[in-house]
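Each chain, letter by letter, is given below.
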Amino acid sequence: MTIASHGSTKKPEDIIGRKTEMEQYWRILEKQSIMLSSVRRMGKTCILRKMCANPAEGWIGVEYFVQGKTCPEEFTYDLVKILQDQSVLKKTKWKSFSQWAEKNLGDKDFGSFKIPGFAGKWKELLTDIIKEVAESKSKVVIMIDELPLMLWELQMKGKEEAESAMELLNTLRTLRETYEADSHVRFIFCGSIGMNLVLQKFKKDFGYMGQPINNMAKEIVLAMNDLDGKELCEYFLEGYPEEVDQESLISSLLQATDNIPFYIEMAFGYFEKNFIDSPTVEDVKTVFEKTLNDTTESDQYSHFSERIDTYYQEDERKVAYHILNFLCQSESLKPEQEIINYINTQSSDFEEKTIKDTLKKLWEDLCIERVILDDTRHYKFRFNLIRRWWKINKA
Ligand SMILES: Nc1ncnc2c1ncn2[C@@H]1O[C@H](COP(=O)(O)OP(=O)(O)OP(=O)(O)O)[C@@H](O)[C@H]1O
Ligand SMILES: [Mg+2]
């Protein structure tokens, strides 16, 4: 199987496995909407796309990517268009509006989106279309990909935008409350930055007290299970010569990548680029030794440090670095007290509470794993590959 470029957008037929996850999500959707999160590159968008292409019996999935949308007006307007394109919306009274907008806006610039008569009306339009979908009796799930990022970017722009973001969240919640029980309109909010980060920021900077997602099921996309990981390797191994010892190669790949599909694909990309026609276990080792050491490959591994640099407050950021510098030294779990002691040897600037809060935040952000042993909290890096990258490049 030839690889265009790892991490590129996938066609549904090239998305492998994830049956267990998809079945689980369809089951939840019968009753409730879902907040789906994970760290970057884990395979969320692939799962959504596959769900849309192969929906459960009777369902229609609508994939809606919202990163970069600049206001609720744009969010709503584009949603109407997508729902119309998929024939989910048929008779909205706003049809004439969207036809007008399409004709008059052309390549719209929503940065200064203020159409007379529409600015401020998005809420009415959004309510109308969700009502129409609900009343159509169809089973529709609107999958809003990168919603937390869109909200984050809005609030970074200023108070007015932040308020509109909070209003959008509240409106979406009201719509779920109104229609979820008696119809089959559902939402999946999907995001790589956690909604918890967004809500914390809204609360701290704008006094937001809403609970916009507490009636949604929280699901986290983790790495692939072994069967799916194996299937993905076999998919890439198609056409490789017979002398390749597939069994040991696959087992070393799964071990090296912690079953993360993005890194499995990266390894095959490396074999291809370096004309390694019959890869061996040694080659798997080389791929990761080389790429972990190569600064030009850094963005393949740097999601966590970028996340901390962008979304953590200064104190939390400093503490997070200390924590990760300590944890990256070993694959094994470390008791919380040992981490605190270590940080105290590095600096006396941090209160114990800040360290504990930051550990919790890193854990909720899926950067580290928490295990309770003898009734005490222990931590380690969640992904060994990221631990190695941190040790080589950051610590
Ligand atoms: N099930 C899969 N089958 C094949 N490749 C996959 C699968 N899941 C993930 N990948 C590979 O990993 C890459 C990242 O997946 P995806 O874009 O779905 O992750 P994501 O969690 O949405 O990431 P981000 O948070 O950056 O949007 C894909 O482009 C693809 O190369
Ligand atoms: Mg994605």
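Note that the coordinates shown come from a computational prediction; the quantities given were computed from them, not determined experimentally.

Enquirer: Which residues make up the sheet that holds strand β1 (residues 34-37), and what values do they have?
Expert: A sheet is described by the order of its strands in space; here 5 strands give the open sequence β2-β3-β4-β1-β5, paired in parallel fashion. Strands with a single pairing partner mark the edges of an open sheet, and in this sheet they are β2 (59-65) and β5 (217-220). In this sheet, neighbouring strand axes are inclined to one another by 20 degrees on average, regardless of whether the strands run parallel or antiparallel. One ladder, built from 4 bridges, connects β1 with β5; its direction is parallel. When the bridges of β5 are listed, L36 appears paired with E219. Running over the sheet, helix α6 (residues 147-157) touches β1, β3 (139-145) and β4 (185-191) and is turned about 65 degrees from β4.

Enquirer: So what about the packing of aromatic side chains? Which residues, and what values?
Expert: Tallied over the entire structure, the rule returns 16 aromatic pairs. Centre to centre, the rings of F326 and Y342 are 4.7 Å apart; their planes meet at 25 degrees, and the pair counts as stacked. Residue F326 is found in helix α14 (residues 314-327), and its partner Y342 is found in helix α15 (residues 336-346); the two are separated by 16 residues along the sequence. Cluster of aromatic residues (ring-pair linked, three or more members): Y235, F236, Y240, F268 and F271. Taking NZ or CZ as reference, K361 lies 4.8 Å from the ring centre of Y312, over its face. A cation sits over an aromatic face here: R370 above W363, 3.9 Å from the ring centre.

Enquirer: Talk me through the sheet that holds strand β6 (residues 334-335); I want residue IDs and the actual numbers.
Expert: Pairing in this open sheet of 3 strands is antiparallel, and the strands run β6-β8-β7 from one edge to the other. Each edge of the sheet is formed by a strand with only one pairing partner; in this case those strands are β6 and β7 (368-373). Packing against the sheet, α14 makes contact with β6, β7 and β8 (376-381), and its axis sits at approximately 80 degrees to β8.

Enquirer: With reference to specific residues and values, describe the domain arrangement of the protein chain.
Expert: Structurally, the protein chain comprises domain 1 (18-220), domain 2 (226-299) and domain 3 (303-393). Taken together, the contact pairs 15 residues of domain 1 with 11 residues of domain 3. Where domain 1 touches domain 3, the interface holds 0 salt bridges. Among the secondary structure elements, those contributing two or more residues to the side of domain 1 that touches domain 3 are α6 and α8 (195-206).

Enquirer: Any chance you could break down the site of ligand 1 for me, citing the residues and the numbers?
Expert: Surveying the vicinity of ligand 1 reveals 21 residues, the closest of which are I16, K44, T45, C46 and E265. Between ligand 1 and K10 there is a distance of 3.4 Å, counted from an oxygen atom to a side-chain nitrogen or oxygen. Here a nitrogen atom of ligand 1 and a backbone polar atom of I16 are 2.8 Å apart. In isolation ligand 1 exposes 620 Å². Once the protein is present, 95% of that is buried. A per-class count over the shell around ligand 1 returns 8 nonpolar, 5 polar and 8 charged. Split by domain, the shell around ligand 1 shows at least three residues from each of two domains, domain 1 (18-220) and domain 2 (226-299).

Enquirer: Describe in detail the packing of helix α9 (residues 226-237) against helix α11 (residues 261-273), supporting the description with residues and values.
Expert: A packed helix pair is summarised by two numbers, namely the angle formed by the two axes and the spacing between the axes. Where α9 contacts α11, the axes come no closer than 10 Å and their chain directions differ by 25 degrees. Taken as axis vectors, α9 and α11 run roughly parallel relative to one another. As α9 packs across α11, the resulting crossing turns out to be right-handed. Residue-level inspection shows G229, L232, C233, F236 and L237 of α9 in contact with α11, the latter providing P261, I264, E265 and F268.

Enquirer: With reference to specific residues and values, describe the nonpolar core.
Expert: Judged by nonpolar contacts, the single largest core of 124 residues is most densely connected at F75, L126, L147, F189 and M195. With near-sequence residues (within four places) excluded, F75 lies in contact with Y64, V66, K69, L126, I144, L147, M150, L168 and L172.

Enquirer: Describe the side chain of T358, with residues and values.
Expert: Structurally, T358 can be placed in helix α16 (residues 352-364). Look at T358 and you get buried, because its relative accessible area is 2%. For T358, the residues in contact, after removing those within four places along its chain, are E316, V319, A320 and I323.

Enquirer: Break down the pairing of β4 for me, with residues and values.
Expert: Most of β4 sits out of view: 7 of its 7 residues are buried. Both faces of β4 are covered, namely the face carrying V185, F187, F189 and G191 and the face carrying R186, I188 and C190. With 6 bridges joining them, β3 and β4 adopt parallel strand pairing. Looking across to β4, one finds that M143 is bridged to I188.

Enquirer: Could you give me a rundown of unusual backbone geometry, with the residues and numbers involved?
Expert: Even without glycine at this site, F275 takes up a positive phi of about 55 degrees. Relative to the helices and strands, F275 resides in the loop between α11 and α12 (281-293). A relative accessible area of 71% means that F275 is categorised as exposed. For L366, which is not glycine, the phi dihedral falls at a positive 65 degrees. On the secondary structure map, L366 appears in the loop between α16 and β7.

Cut-offs used in this document
Starting afresh in each chain, residues are numbered from 1 along the sequence in its written order. For naming, the first written chain is A and the first written ligand is 1, with later ones following in the order written. For a predicted model such as this one, the threshold for reporting local features is a pLDDT of at least 70, and the threshold for listing and counting side-chain atom pairs is 80 or more; totals across whole chains, interfaces and linings nevertheless cover every residue. Hydrogens and waters are ignored; side-chain quantities use all the structure's heavy atoms. By definition, two strands form a pair when at least two bridges between them are found by DSSP. Working definition: helices are DSSP H or I runs of at least four residues, strands are E runs of at least two. Numbering for both runs from the N terminus. To define axes, lines are fitted to C-alpha atoms, for helices over the stretch in contact only, and angles between the resulting N-to-C directions are given on a 0 to 180 degree scale. It only takes one pair of heavy atoms within 4.5 Å for two residues to be counted as in contact. Pairing of aromatic rings covers Phe, Tyr and the six-membered ring of Trp, with a centre-to-centre limit of 6.5 Å; geometry is then stacked below 30 degrees between planes, edge-to-face above 60, and tilted otherwise. Counting as a charge over the ring demands two things of the Lys NZ or Arg CZ atom: a distance within 6 Å of the ring centre and an angle within 35 degrees of the ring normal. As used throughout, domain bounds are those supplied by an automatic or database domain assignment. A pairing counts as a salt bridge when a side-chain nitrogen of Lys or Arg comes within 4 Å of a carboxyl oxygen of Asp or Glu. What makes a residue near a molecule or strand is one non-hydrogen atom of that residue sitting within 4 Å of it. Side-chain atoms alone can form a polar contact between residues adjacent in sequence; in general such a contact is a pair of N or O atoms within 3.5 Å, and within protein one must be able to donate a hydrogen while the other accepts it. The method behind every accessible area is Shrake-Rupley, applied with a 1.4 Å probe, and residues are considered shielded solely by the protein chains displayed. Asp, Glu, Lys and Arg are counted as charged, while Ala, Val, Leu, Ile, Met, Phe, Trp, Tyr, Cys and Pro are counted as nonpolar; the rest, among them Gly, fall into the polar class. To sort the angles, those under 35 degrees are grouped as roughly parallel, those over 145 as roughly antiparallel, those from 65 to 115 as roughly perpendicular, and the leftovers as oblique. When the near helix sits turned anticlockwise from the far one by under a right angle, the crossing is termed left-handed; a clockwise turn instead gives a right-handed crossing. Here, nonpolar core refers to any group of buried Ala, Val, Leu, Ile, Met, Phe, Trp, Tyr and Cys residues whose side-chain atoms link them within 4.5 Å. Think of it in three bands: with a 1.4 Å probe and only protein chains considered, a residue is buried below 20% of the maximum accessible area for its type, exposed above 50%, and partly exposed in between.

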